[in-house]
Amino acid sequence: MPEPPQNIRAFLAVPLPPEVLARLKVLQRELGESIEDVAWTRPESVHLTIRFFGNVPHARLAALQQTIRQVCAEVAPCQLRAEKTGCFGGRVIWVGLAGDLKHLEALAAHISDATRGFGDHNEQRAFRPHLTIGRVKPRHAKSAFLAEKLSTWANREFGGWAMAHLELMRSELSPQGARYSCLDRIPLEGKGIGER
């Protein structure tokens, strides 16, 4: 009986420049002084997820990369910036995105349509661009408390950058948390989505 194909747990992301990551690290340290029991995302692991694929068979990885490259060949770079803080459900602490969000959302939709059928994860939620910087442990999750603590940082800005490429990432789970590695760096080379 043949062995099942080996899978790679993969996602497509927008990387952040070092200066933005440095400011987010400062934010995490400041928040950590007033919010307890948070598992903070390692600064080098903070990213903007465009699409999570789940498990992708090795045999389909090259086709997935080619599909993403075809989409990105038609998409122009755009400007983004990290700003504001908030929480989802009293647990997920995030930093928001601003800038060319319509462009970003159109890119995410285009990628989602083009890569349907790759991987075993089907996202049901609408695309909400954000950077997850920490997760409160379940027993301490309280929306009102967390919102109050985050209010001091609600309107802070953390810097902008030109989104000129995407990265296809591998996620390997371990007891110490997920470890990410870049499988492919894919440039945005077009004038705009749908333009020929």
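Read on for a plain summary of the structure.

Let's talk about the pairing of strand E8 (residues 165-172)
Alright, step 1. With 6 of 8 residues buried, E8 is to be regarded as a mostly interior element.
Alright, step 2. Examined bridge by bridge, strand E1 (residues 7-14) and E8 share 4 bridges and lie antiparallel to one another. Residue pairing across strands places Leu 12 opposite Leu 168, the latter belonging to E8.
Alright, step 3. Bridge count for E8 against strand E9 (residues 179-187) is 8 bridges, and the pairing is antiparallel.

Description of the layout of surface pockets
Alright, step 1. For the largest pocket, the calculated volume is near 1400 Å³.
Alright, step 2. In terms of lining, the largest pocket is formed by 39 residues, of which the most central are Thr 49, Phe 52, Arg 125, His 130 and Arg 135.
Alright, step 3. Around the second largest pocket, the lining is made up of 15 residues, and of these Glu 44, Ser 45, Val 46, Met 169 and Tyr 180 lie nearest the centre.
Alright, step 4. Elements with a minimum of two residues in the lining of the second largest pocket: E1, E8 and E9.
Alright, step 5. The element that contributes the greatest number of residues to the lining of the second largest pocket is E9, accounting for 3 residues.

Considerations on the pairing of strand E4 (residues 78-88)
Alright, step 1. Two elements, E4 and strand E7 (residues 157-163), share 6 bridges in a ladder whose sense is antiparallel. The residue bridging Cys 78 from the neighbouring strand is Met 163, located in E7.
Alright, step 2. Here 8 bridges tie E4 to strand E5 (residues 92-99), and the two strands are oriented antiparallel to one another. Directly across from Cys 87, in E5, lies its bridge partner Ile 93.
Alright, step 3. The loop that links E4 with its antiparallel partner E5 comprises 3 residues; one of these, Gly 89, has a positive phi angle of about 60°.

Reading guide: rules and limits
The residue count restarts for each chain, going from 1 along the sequence in the order it is written. This being a predicted model, a pLDDT of at least 70 is required before a residue's local features are given, and a value of 80 or more before pairs of side-chain atoms are given or counted; all residues contribute to the totals for chains, interfaces and linings. To get the side-chain values, all heavy atoms of the structure are used, and hydrogens and water are removed first. Using a 1.4 Å probe on the protein chains alone, a residue whose accessible area is under 20% of its type maximum counts as buried, one over 50% counts as exposed, and one in between counts as partly exposed. A run of DSSP states H or I qualifies as a helix once it reaches four residues; a run of E qualifies as a strand once it reaches two. Both are numbered from the N-terminal end. Any two strands between which DSSP finds at least two bridges are classified as paired. Cavity means a closed set of points on a 1 Å grid over the protein atoms alone, one where a 1.4 Å probe fits but cannot get out, pocket means an open set with protein on both sides within 12 Å along at least 5 of 7 lines, and lining means a residue has an atom within 4 Å of a point. Grid points are joined across faces, edges and corners, and a volume is the space filled by probe spheres set on the points.

Just distances and angles here, no functional claims.
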